[in-house]
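Below, each chain spelled out in residue letters.
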Amino acid sequence: MKLTHTKIRNLSQPGRYTDAAGLHLRVNKGGSKVFILRKVVRGKRKDIPLGQWPDLTLAEARVKASELRLSILQGEFKQERKRETPTFREAAAEVYDLYKPRWKNEKHTKNWWQSMEKYAFASIGDMRVDEVARADIIRILKPIWVSRAERARRLRQRMRSVFRWCEGNDYISSNPCGEGLDGVLPQVPRSQNRFRSLPYQELPGALAKVEASGASLSARLCFQFLALLALRSGEARNLTWNMVDEERALLIIPGESMKMNQEYRSPLSDEVLSILARARELGDEGLCFPSPHGRERPLSDMSLMAMLRRVGLRERMTAHGCRHSFKSWASEQGYDWQLSELQLAHRLPGLQEVYMTTDLLDRRREMMAAWGKFLAEN
């Protein structure tokens, strides 16, 4: 029995449904529906995708199939793609391998693939990317779009990047995860969750608890170091001695080691230099704060979290939260907004970054000396 519009609309069971003269409708496991023309081309049977329903109507599919049959009969048909179209899982693996070297956050790198496995691969992982329809994406995102809004937003962003790569490689003609979804899924306010942080007045006491903890010397010094400079955890944990100029009391971290891929300079206060002098006990080559399990291995983020848990602070602050404490202190002490932003290695907005040709190092030196004294004397 030939296909009809009503029958196609009501089909839900995965399988292949025949129309006529080699035209079929394939219903995929995820629910998408694709017209294919099954014909023998140069002695080999091929399934030639025509397009997805309802973007391609039944009438249009019949016309397209008729034109292709004539092209095959006249020997003019050529496969549009020289390479085999990948499945979504295969395409995701390509994108993951492509971008992984650029990601500096270990947690982000791990979560990228885990989110795909948990939500996307179960539904569309084994589907060819040119078979994935917008309805499949909606089916993945809709259950978590409101209840887990931030997770859903990131998942959509990651799937969208995979399909963008597919589009650039001519595997698909349009992105099923693109702007068309905006009219289907409701707008959800962005999460305003921040890293847990202490009021800056309590940070000196927290550092005293860290120093008195039974954690490794490397972990204790690393935490105090990042708090004194308001560094990101990864920037401190991966710090090497060739980035430290103790004579000039200057820290220089190359762009490839920074989140924003720009060289970063920071003044070193007396308190920071004291921390570094103690760190020399761990070795004066390679990493400044090596793992207790081997000098060639940096401390893990988990080691810092475990230390905070040990002193009863894990539920109130994170290592990154020290940056929030510093920002609040700098604002209340009346330091220029630009000074604290440059110390935090944030990008300045708009044209400010374009026209800013100095990192105000000398002015930041005064500010960081005051921050060091505050943390040491309170």
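Sequence order sets the numbering: in each chain, residues are counted from 1 along the sequence as written. Note on the predicted model: pLDDT of at least 70 is required for a residue's local features to be given, and 80 or more for side-chain atom pairs to be given and counted; whole-chain, interface and lining totals, by contrast, use all residues. Only hydrogens and water are set aside when side-chain values are computed; all heavy atoms of the structure are taken into account.

Some remarks on the overall build of the chain
Okay, step 1: Note on conventions: DSSP H or I runs of at least 4 residues are helices, E runs of at least 2 residues are strands, and numbering of each starts at the N terminus. What the chain contains, in helices and strands, is 15 helices and nine strands.
Okay, step 2: For the chain, the C-alpha atoms occupy an extent of roughly 85 × 45 × 40 Å along the three principal directions.
Okay, step 3: Looking at the 378 residues of the chain, the share that counts as buried comes to 45%.
Okay, step 4: Here, residues are in contact when the closest pair of their heavy atoms is within 4.5 Å. Considering only contacts within the chain whose residues lie at least 6 apart along the sequence, 59% involve residues at least 24 apart.
Okay, step 5: The protein chains shown are the only cover counted for residues, whose accessible areas, like all others here, come from Shrake-Rupley with a 1.4 Å probe. For the chain, the exposed area adds up to about 20800 Å²; of that, 48% sits on carbon and sulfur atoms.
Okay, step 6: His residues and chain termini do not enter the charge count, which takes Lys and Arg as positive and Asp and Glu as negative. To locate a charge, the coordinates of NZ of Lys, CZ of Arg, CG of Asp or CD of Glu are taken. Of the side-chain charges in the chain, 64 are positive and 46 negative, and the distance between the mean point of each set is 9 Å. Burial status follows relative accessibility: with a 1.4 Å probe on protein chains alone, a residue under 20% of its type maximum counts as buried, one over 50% as exposed, and anything between as partly exposed.

Re the packing of aromatic side chains
Okay, step 1: Only the six-membered ring of Trp is used, alongside the rings of Phe and Tyr, when aromatic pairs are assigned; centres must lie within 6.5 Å, and planes under 30 degrees apart are stacked while those over 60 apart are edge-to-face, with the rest tilted. According to the stated counting rule, one finds 14 aromatic pairs in the structure shown.
Okay, step 2: Ring centres of F88 and F163 lie 5.2 Å apart, and the angle between their planes is 35°; this geometry places the pair in the tilted category. Pair noted here: F88 is in helix α3 (residues 88-99) and F163 is in helix α6 (residues 149-168), with a separation of 75 residues, a long-range link. Note on accessibility: F88 and F163 belong to one class, buried.
Okay, step 3: Arranged with centres 5.6 Å apart and planes meeting at 35°, the rings of Y96 and W112 form a pair that is tilted. Of the two residues, Y96 is situated in helix α3 and W112 in helix α4 (residues 106-124); the sequence distance between them amounts to 16 residues. A single burial state applies to Y96 and to W112, both of which are buried.
Okay, step 4: Linked through ring pairs, F88, Y96, W112, W113, F121 and F163 together constitute an aromatic cluster.

Examining helix α8 (residues 217-229)
Okay, step 1: Helix span is expected to be 1.5 Å times the residue number reduced by one. With 13 residues, α8 extends 18 Å from end C-alpha to end C-alpha; this agrees with the ideal 18 Å at 1.5 Å per step.
Okay, step 2: Here α8 has its buried residues at S218, A219, R220, L221, C222, F223, Q224, F225, L226, A227, L228 and L229.
Okay, step 3: Once α8 finishes, A230 follows within two positions and takes phi at roughly 60°, a positive value.

Examining the pattern of salt bridges
Okay, step 1: A side-chain nitrogen of Lys or Arg and a carboxyl oxygen of Asp or Glu constitute a salt bridge if their distance falls within 4 Å. With the rule as written, the count across this model stands at 20 salt bridges.
Okay, step 2: Salt-bridge contacts for D359 lead to R265; the nearest nitrogen and oxygen are separated by 2.9 Å. In this pair, D359 is assigned in the loop between α14 (351-355) and α15 (361-377) and R265 in strand β7 (residues 264-267), connecting sequence segments 94 residues apart.
Okay, step 3: With relative accessibility at 28%, the residue R265 sits in the partly exposed group.

What about the sheet that holds β7?
Okay, step 1: Whether two strands pair comes down to DSSP finding at least two bridges between them. Judged by pairing direction, the sheet is antiparallel, and its three strands sit side by side in the order β5-β6-β7 without closing on themselves. The open sheet is flanked by β5 (244-245) and β7, the only strands paired with a single partner.
Okay, step 2: Interaxial angle, 0 to 180 degrees, is taken between N-to-C directions of lines fitted to C-alpha atoms, where a helix line uses only the stretch in contact. Of the strands in this sheet, β6 (250-253) and β7 are in contact with α15, which crosses β7 at around 45°.

Points about the pairing of strand β9 (residues 294-298)
Okay, step 1: Here strand β8 (residues 290-291) runs beside β9; their pairing, made up of two bridges, is antiparallel. The residue bridging P290 from the neighbouring strand is P298, located in β9.
Okay, step 2: Adjacent in sequence and paired antiparallel, β8 and β9 are bridged by two residues.

What to know about a negative patch on the surface
Okay, step 1: On the surface, E84, E90, E94 and D97 cluster together into a negatively charged patch.
Okay, step 2: Take E90: its relative accessible area is 46%, and that puts it in the partly exposed class. Exposure above 30% relative accessible area and the absence of a salt bridge qualify a residue for a patch, where like charges join within 9 Å and nonpolar side chains (Val, Leu, Ile, Met, Phe, Trp, Tyr) within 5 Å.

Description of the packing of helix α7 (residues 203-212) against α8
Okay, step 1: It is at 9 Å that the axes of α7 and α8 come closest, and there the two elements cross at 160°. Classified by the interaxial angle, the pair formed by α7 and α8 is roughly antiparallel. Here α7 runs over α8; the crossing is left-handed. Seen from α7, the contacting residues are L207, V210 and E211; seen from α8, they are R220, F223, Q224 and A227. Any angle from 65 to 115 degrees is called roughly perpendicular, while one under 35 is roughly parallel, one over 145 is roughly antiparallel, and all others are oblique. What makes a crossing left-handed is the near helix being turned counterclockwise from the far one by less than a right angle; a clockwise turn instead makes it right-handed.

What to know about unusual backbone geometry
Where the residue is not glycine, phi is negative for most of them; where a peptide bond is considered, it is trans in most cases.
Okay, step 1: Between W53 and the following residue, P54, the backbone shows a cis peptide bond with an omega angle of 10°.
Okay, step 2: Among the secondary structure elements, P54 is positioned in the loop between β4 (44-53) and α2 (58-73).
Okay, step 3: In this model, A21 sits at a positive phi of 55°, which is unusual for a non-glycine residue.
Okay, step 4: If you trace the backbone, A21 turns up in the loop between β1 (15-18) and β2 (23-27).
Okay, step 5: Phi at D170 is positive, roughly 65°, even though this residue is not glycine.
Okay, step 6: Considering the arrangement of structural elements, one finds D170 in the loop between α6 and α7.

Quick word on the nonpolar core
Inside soluble globular proteins, nonpolar side chains tend to come together where they are buried.
Okay, step 1: F223, F225, L239, L251, F289, M317 and F326 are the most contacted members of the largest nonpolar core, which totals 58 residues.
Okay, step 2: Elements with a contribution of two residues or more to this core: α7, α8, β6, α10 (270-279), α11 (301-310), α12 (321-332), α13 (337-343) and α15.
Okay, step 3: Per-element accounting of this core gives the leading share, nine residues, to α8.
Okay, step 4: Aside from chain neighbours lying at most four places away, what touches F326 is A230, S340, Q343, L344, M367, M368 and W371.
Okay, step 5: Counting residues in each nonpolar core, the second largest holds 31 residues, with F88, I144, A152 and L185 among its members. Side-chain atoms within 4.5 Å are what join buried Ala, Val, Leu, Ile, Met, Phe, Trp, Tyr and Cys residues into a set we call a nonpolar core.

That's the geometry; what it means functionally is another story.
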